[in-house]
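Structural overview
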Amino acid sequence: MTYTARDQWDKHYSDGKNFRQVGERERELLAEHAPAPGGDGRALDVGCGTGEMSVFLASLGYTVDAVDFADSAIARAREEHADVEGVRWLHLDIEREDPAPLDEEGYDLVVMRLMYPFLHDRGRVLHGLGERLRDGGALIVITPVVENTPEERRGIALDDDEITLLSAGWKTVEQLDADGLAFLVLRGPCHTDARAVEKRPTKGHALTGALAVVTDDAGRVLLGRSRLGMLELPGGKTTGSEDFAAAAVRELAEETGLVAEPGDAYVATMVVDDSHGVPRLTAVVRVTAWTGVLVNREPKLFDRLEWHDLHALACVSDIFTPAAQALDAVWPGVMPDLPPTASYPIAVDQPAVPGEPAEGARLRHAMAETVINGGWAPSEPVRDALRTVPRHRFAPEVNLAAAYDGGDRAVITRRDEAGAAISSVSAAWLQADMIENLCLTPGAIVFEAGSGGYNAELIAHVAGPEGRVVTVDIDPWVVRRTRRFTTEAGSGRVTAVEADAALGAPAHLVPRGGFDGSVITYSCWDIAPAWRDQLAEGGRLVLPLAIGGYTRAIAFERRGQVLHARHFTYCGFVRDRGQQARTIPVTGLLGGELTLRFEHGDAAETAGLEEALRGPRHEIATGVTMGAANSYFGSLQLYAATTLPAFCRLVAHQDTGVTDIAKDRDAPAVVGDASLAYLIHVQSRHGELPEDKEWEWVVHAFGEQGPQLAKQLAATVRAWDRHVRADDNDKHADPVLTVHPAGTPDDLLPAGHVLDKEHCRLVVRWPGGDGHLPGPARHHRAPAPAPVLEDR
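Residues numbered from 1 in each chain as written. Predicted model: local features only at pLDDT ≥ 70, side-chain atom pairs only at ≥ 80, totals over all residues. Heavy atoms only, no water.

**Considering the state of the cysteines**
Defined as follows: A pair of cysteine sulfur atoms is labelled a disulfide when the two atoms are within 2.5 Å. For every residue, the accessible area obtained with a 1.4 Å probe (protein chains only) is divided by the maximum for its type, and the residue is called buried under 20%, exposed over 50%, and partly exposed between those limits.
Under the criterion given, the structure shown has zero disulfides. Unpaired in terms of disulfides, Cys 439 finds its nearest cysteine sulfur in Cys 571, a separation of 17 Å. Owing to a relative accessible area of 47%, Cys 439 belongs among the partly exposed residues under this scheme. Free cysteine: Cys 571, not disulfide-bonded; nearest cysteine sulfur from Cys 524 at 9.9 Å.

Structural data, given as structure tokens:
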């Protein structure tokens, strides 16, 4: 049997035909090499047919998922084995359909019996199944081999080259004989890190060529496994006066049988490098539409042609260097550790290219429902954007599950030399919340500082066909990535600009009257004047503002030169890297065991603190407690940071020490003359159940002025408990916050606590405040602590 179409197999099984029975030797080898683990042993039988193998696996003790794309096969299996327990029969095309029915926890054993040769994208399917193996699991392929198969049926058999390809990337491969069938046991990692490699040296003085980047209706890219043992894109040299796009289209047809019109081929980038010292110029041609049936027309050059998932490109082993560079040019970030190269993106009016795998829409809607159920997307435009904009296409280096995680997970897309995240696709709930608080209307023109593509496309979707987004980033790589992804999958209404976003948008892109909304997607210590000046009257500015080191996404509304806070959301973001980036003053103590961070400004005088920390510790129990269900205390941190003079944060770098602060955690603190007080929580009630547990806020202090500082900090906690705190963590009271231009005189500021930054003055007033206007909360040398405020 050499047919592969689903309807042919359906007829095969509906006609009562069967497949080769499972032999006794196969059973012996399975029992020997893949015994069911104790407990929850799970197996996946891919291409189960009428279920003989699935039933045998169940007899070994496995719980089995039996999969076949022929409906008649599954129907017969259910009928013929109705009395068998432990087998779940699934009608599923493992190669093309959404794998949602498969067990999310993975499998100890995956069996592919007499079906591997019928797969088209063998490498992709095998890799995907390997990713579903639990630790210690095995993937077993049972297949005919050429030497034991009659010539007329060798189309369903594997030769030595195919078995070598099948085995590549696995930690251990054992090949056994099962009555003439190859019995392959594959274990360990199912991938090998991608590596750009070269062919033999060329004899020319210079090389020019064109590579065709083609994707299918699932968004997968076409690559050929060459006889040289590497993956390549379709393409080749130009001939005569042929242009690069025409060369790519011609080579695509000659190698693969796929036909593209010249008008559907766009030269996206020119890549310049060398091959063994010979200059090489490669045109990266993006083909946006094609027809035909994929066929390997050059078997002397290629073992096979396959469609590959973008997120799996990092583990495909060897790939021809120009092909790797071309893939990275179209999807920056999918190919790690490439050799240096020069590339020249070409501005072309390329249309968006459709395509996503079957499970993409399902996972996107699931993510949207998670965000909606969390209350983060109350408006229909934002909900529709979450359900529509393909998030995974803006994070092609991760799999769909990671891209569409509906929880508190961001996708890190770029790190600095130290490994710190400097660019990401933020958590979907936070993006939805910030866009909601922009309060956009149809046709809005929006400024975004910090690019990536997905967030800008969400905004563009909410703003509608007449809307527009200008997104600015200081990193050339991020801008190139954003431009490519918004070209590949965007609305055409996002303009990406390389510049320091603190300077705002280029003047020619600022609408008359200012932007209807502006959103900043990195943590800001200060608020750039351009963000206010380029904002329309009544427009919203939403940004993650660090106050005392604690970041809140705050929605401001512009009224004249003053920004009025309308909404606060607890959050975290990557750091600013532009001219407003700020180095926080720090002071190390006790040989690096502790660090004081002066988040508001200049470091305070810390002389004598080392000696004080070696002395007695003073403690005050505040009487303020919290249970496991309401342990969130972000509003207390912010309250302390904005109301306490000499506020700082005390960070512990060891688990043991004088402070009782856990390693790598910090505590709100205040400093005085050779004195320090800080706030921690200690468990005051124990129990088996979470509702039986309780913690109390306790102040620790050192130094002569420690008792006074401790009273001040304890009074702050009690005032927060009385005036700000709510039983529901989401209902804590927010302060009244206004932002005024730097240089605004004190007598023109409203009553409240004042925090001065370089470009603005923040005025904060909490519920229960007494309305006085203290001096700015700058950190300076203070010989004595501020007077203790009684709680009232």
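Anyway, onward from the coordinates.
**Section: the pairing of strand S18 (residues 411-415)**
Here is the rule we go by: Paired strands, in this sense, are two strands between which DSSP finds at least two bridges. Numbered from the N terminus, helices here are DSSP runs of H or I no shorter than four residues, and strands are runs of E no shorter than two.
In this sheet, strand S19 (residues 421-425) lies alongside S18 in antiparallel orientation, the contact comprising four bridges. By the bridge assignment for S19, Arg 414 is matched with Ser 423.

**What to know about unusual backbone geometry**
Of note, Leu 590 is a non-glycine position whose phi angle comes to about 50°, a positive value. Here Leu 590 lies in the loop between strand S27 (586-589) and strand S28 (594-597). Positive phi, close to 55°, is recorded for Ala 674, a residue that is not glycine. On the secondary structure map, Ala 674 appears in the loop between strand S31 (666-672) and strand S32 (675-685).

**Considerations on the nonpolar core**
The condition is simple: Only buried residues count toward a nonpolar core. Its members are Ala, Val, Leu, Ile, Met, Phe, Trp, Tyr and Cys residues joined through side-chain atoms within 4.5 Å. Contacts were defined at the residue level, with two residues in contact if any of their heavy atoms lie within 4.5 Å.
By size, the foremost hydrophobic cluster in this structure holds 70 residues, and its most contacted members are Val 221, Leu 233, Leu 313, Leu 327, Trp 331 and Leu 386. A total of seven residues in this core trace back to one element, the largest contributor, which is helix H13 (residues 454-463). Setting aside chain neighbours within four positions, we find Leu 313 in contact with Ala 194, Val 221, Leu 223, His 308, Leu 327, Val 334 and Met 335. Ala 502, Ile 520, Leu 563 and Cys 760 belong to the second-largest nonpolar core, a separate cluster that totals 62 residues.

**Thoughts on helix H10 (residues 380-388)**
We count it as follows: By construction, the arc corresponds to the directions joining the helix axis to the C-beta atoms.
Buried residues of H10: Val 382, Ala 385 and Leu 386, and no others. The arc enclosing the buried residues of H10, seen along the axis, measures out at 100°, which places them on a common side.

**Comments concerning the environment of His 653**
As a reminder of what qualifies: The term polar contact refers here to a pair of N or O atoms within 3.5 Å; inside protein, the definition further demands a hydrogen-donor-capable atom paired with an acceptor-capable atom, and it admits residues adjacent in sequence only when both atoms are side-chain atoms.
Checked against the element boundaries, His 653 lands in the loop between strand S30 (647-652) and S31. Residues His 653 and Lys 663 lie 10 residues apart in sequence; the distance between their C-alpha atoms is 5.0 Å. The residues contacting His 653, other than those within four sequence positions of it, are Gly 592, Glu 593, Leu 594, Thr 595, Lys 663 and Asp 664. Within the structure, His 653 has its side chain in polar contact with the side chain of Thr 595 (distance 2.7 Å).

**Quick word on the environment of Pro 544**
Tracing the backbone through its elements, the reader meets Pro 544 in strand S24 (residues 535-547). It is 7.4 Å that separates the C-alpha atoms of Pro 544 and Cys 571, two residues lying 27 residues apart in sequence. Among all residues touching Pro 544, those that are not within four sequence positions of it are Met 434, Ile 520, Tyr 522, Ser 523, Cys 524, Thr 551, Arg 552, Ala 553, Cys 571 and Phe 573.

**As for empty space enclosed by the protein**
For clarity, the cut-off: Cavities and pockets are defined on a 1 Å grid built over the protein atoms alone: a cavity is a set of grid points where a 1.4 Å probe fits but cannot escape, while a pocket is an open set with protein on both sides within 12 Å along at least five of seven lines, and lining residues are those with an atom within 4 Å of any such point. Grid points are joined across faces, edges and corners, and a volume is the space filled by probe spheres set on the points. As a working rule, the residues Ala, Val, Leu, Ile, Met, Phe, Trp, Tyr, Cys and Pro are called nonpolar, Asp, Glu, Lys and Arg charged, and the rest polar, with Gly in that last group.
Evaluated as defined, the whole model comprises five cavities of 30 Å³ or more. The volume enclosed by the largest cavity comes to roughly 60 Å³. What lines the largest cavity is Ile 527, Ala 528, Pro 529, Arg 532, Gln 561, Leu 563, Val 739, His 740, Pro 741, His 759 and Cys 760. Listing elements by their share of the lining of the largest cavity, those giving two or more residues are helix H15 (529-533) and strand S34 (736-741). Broken down by element, the residue count for the lining of the largest cavity peaks at three residues, all from S34. Of the residues contributing to the lining of the largest cavity, the split by class is seven nonpolar, three polar and one charged.

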